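Okay, here's what each chain looks like letter by letter:
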Amino acid sequence: MHIDTRRLYYLTFALLFISWHPLLANATAQEDHLPDQLNLNEWRVPWQGLPRDPHVDSKGDVWFCGQAGNYIGQFIPISEKFKRYDIPEGTYPHNLIVDANNVVWYAGNRNAYIGRLNPKTGAVKRYPMPEGIEDPHTLIFNQNGNIWFTAQHSNRIGLLNVDSGKVQAATPPTANARPYGIKIDPQGYPWVALFGTNKLARVDPETMAIREISLPRPDARPRRLEIDPSGNIWYLDYPQGYLGRYTPTEKVFKEWKLPGESPRPYGTALDNSKQLWIADTGTIPNTILAFNIETEKFTSRTPVPSGGSIRYMYFNDRDGSFWFGVDSGFLDQAIPK
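Computed from a predicted model, the values in this text were never measured in an experiment.

Caption draft 1: Examining the overall build of the chain more closely. In terms of helices and strands, the chain carries two helices and 28 strands. Here the C-alpha radius of gyration of the chain, 21 Å, is about what a compact globule of 337 residues would show, namely 20 Å. For the C-alpha atoms alone, the extent of the chain along its principal axes is close to 85 × 45 × 30 Å. With 337 residues in all, the chain has 54% of them scored as buried. The long-range share in the chain, meaning contacts at least 24 apart out of those at least 6 apart in sequence, stands at 43%. Accessible surface computed for the chain: about 15,400 Å², of which carbon and sulfur atoms make up 49%. Side-chain charges in the chain split into 35 positive and 35 negative, and the spacing between the mean points of these groups amounts to 3 Å.

If you want it as structure tokens, here you go:
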């Protein structure tokens, strides 16, 4: 039998390169046969309307957006009762957060404001956006109780002073960068996933200057992110199905391909046991994956009975569970086993 030695040489070289190249080696999909390490509780939301982006208040009540239904919802786990709060017409709330006084703040995604809902009275105070910001998207509190936010299609990253109502805003250097997920690191710097490009952004809270960091792959499109206590940035490449870690102190990347044929990672929750929980929307029903950020291994896979899509998840550090909404009309609590 004739052996083409040149082809054998190049094949051997290619295999060795893939085995030893750190980025490609870590991007290889891990074992698909993972145990189920979650217990799920599901409740059908009476009004459906794309229930999403839950947040747990200090009493243990769960607040969420009815994006398509144009409402804010409250779920009381102890009684399993839902309550609906109507908000100004045309708002289509995208995301909400709850402050230390259990006041609800939400993103008015379609009519350019951030809303403040008083749960005792149902009254809403509107904080209008300045010209050029049409679609507040995702909100997060800073250490002073003010609100950083993204505006995806307006291509802005903003800061709302909750006392004065003043809004500062900055534009990423990249056009159509589509600022999406946002988190704050231990030093108080906001980090943003730029979904329209292969970049992360870091904002200087004093000057509002934005520094962009390019991901290793040009076709990557980060959508959500988490930040661990050491300051590592964990990001999800939605269309390509990768989990990545960026270490700012060393300016080093490492990536892992999610298990499955065509993963589409979306919602995330980082718990206090070093598990990063990831919603894979590439399957119907969606699945929840766990990745141990210390061992760097995928550790769990759980199908979600109610279907998908799971866009956002919230970790409740009071009891170790996390919550998410499902577009099919459900609110879920996930309890690690």
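The discussion continues.
Caption draft 2: Structural context of the layout of surface pockets. Taken as a whole, the largest pocket spans an internal volume of roughly 1,300 Å³. Lining the largest pocket are 47 residues, with His 55, Ile 140, Lys 183, Tyr 314 and Phe 315 positioned closest to its centre. When contributions to the lining of the largest pocket are tallied by element, the ones reaching two or more residues are β2 (51-56), β6 (93-98), β10 (136-141), β14 (179-184), β18 (222-227), β22 (265-270) and β26 (313-316). Class assignment for the residues of the lining of the largest pocket results in 23 nonpolar, twelve polar and twelve charged. The computed volume of the second largest pocket comes to approximately 230 Å³. As for the second largest pocket, its lining consists of 15 residues, of which Asn 142, Asn 144, Asn 146, Leu 159 and Pro 205 are closest to the centre. For the lining of the second largest pocket, the class distribution of residues is five nonpolar, eight polar and two charged.

Caption draft 3: Structural detail: the nonpolar core. Grouped together as the largest cluster of nonpolar side chains are 16 residues, with contacts concentrated most on Trp 105, Ile 114, Met 129, Leu 139, Ile 147, Phe 149 and Leu 160. When residues of this core are traced back to their parent elements, those giving at least two are β7 (104-108) and β11 (147-151). Take this core: its biggest share by element is three residues, from β11. In this structure, Ile 114 is in contact with Trp 105, Tyr 106, Gly 108, Lys 125, Arg 126, Tyr 127, Met 129, Pro 136, Leu 139, Phe 149 and Leu 160, ignoring residues within four places of it in sequence. The next biggest cluster of nonpolar side chains, apart from the first, holds 15 residues, and it includes Ala 279, Val 304, Met 313 and Ala 334.

Caption draft 4: Structural view of the pairing of strand β5 (residues 81-86). The pairing of strand β4 (residues 71-76) with β5 spans six bridges and is classified as antiparallel. Residue Gly 73 lies in a different strand from β5, and its bridge partner there is Arg 84. The turn joining β4 and β5, which pair antiparallel and follow one another in sequence, is formed by four residues; a positive phi near 55° is taken by Glu 80.

Conventions and cut-offs
Residues numbered from 1 in each chain as written. Predicted model: local features only at pLDDT ≥ 70, side-chain atom pairs only at ≥ 80, totals over all residues. Heavy atoms only, no water. Helix = DSSP H or I, 4+ residues; strand = E, 2+ residues; numbered from the N terminus. Rg over C-alpha atoms; globule rule 2.2 N^0.38 Å. Buried < 20%, exposed > 50% of the residue type's maximum accessible area, 1.4 Å probe, protein only. Contact = heavy atoms within 4.5 Å. Areas by Shrake-Rupley, 256 points an atom, 1.4 Å probe, with all protein chains shown as cover. Lys, Arg positive; Asp, Glu negative; His and termini not counted. Charge placed at Lys NZ, Arg CZ, Asp CG, Glu CD. 1 Å grid on protein atoms, 1.4 Å probe; cavity = no way out; pocket = protein on both sides within 12 Å on 5 of 7 lines; lining within 4 Å. Points joined across faces, edges and corners; volume = space filled by probe spheres on them. Nonpolar A, V, L, I, M, F, W, Y, C, P; charged D, E, K, R; others polar. Core = buried A, V, L, I, M, F, W, Y, C linked by side-chain atoms within 4.5 Å. Pairing = 2+ DSSP bridges.

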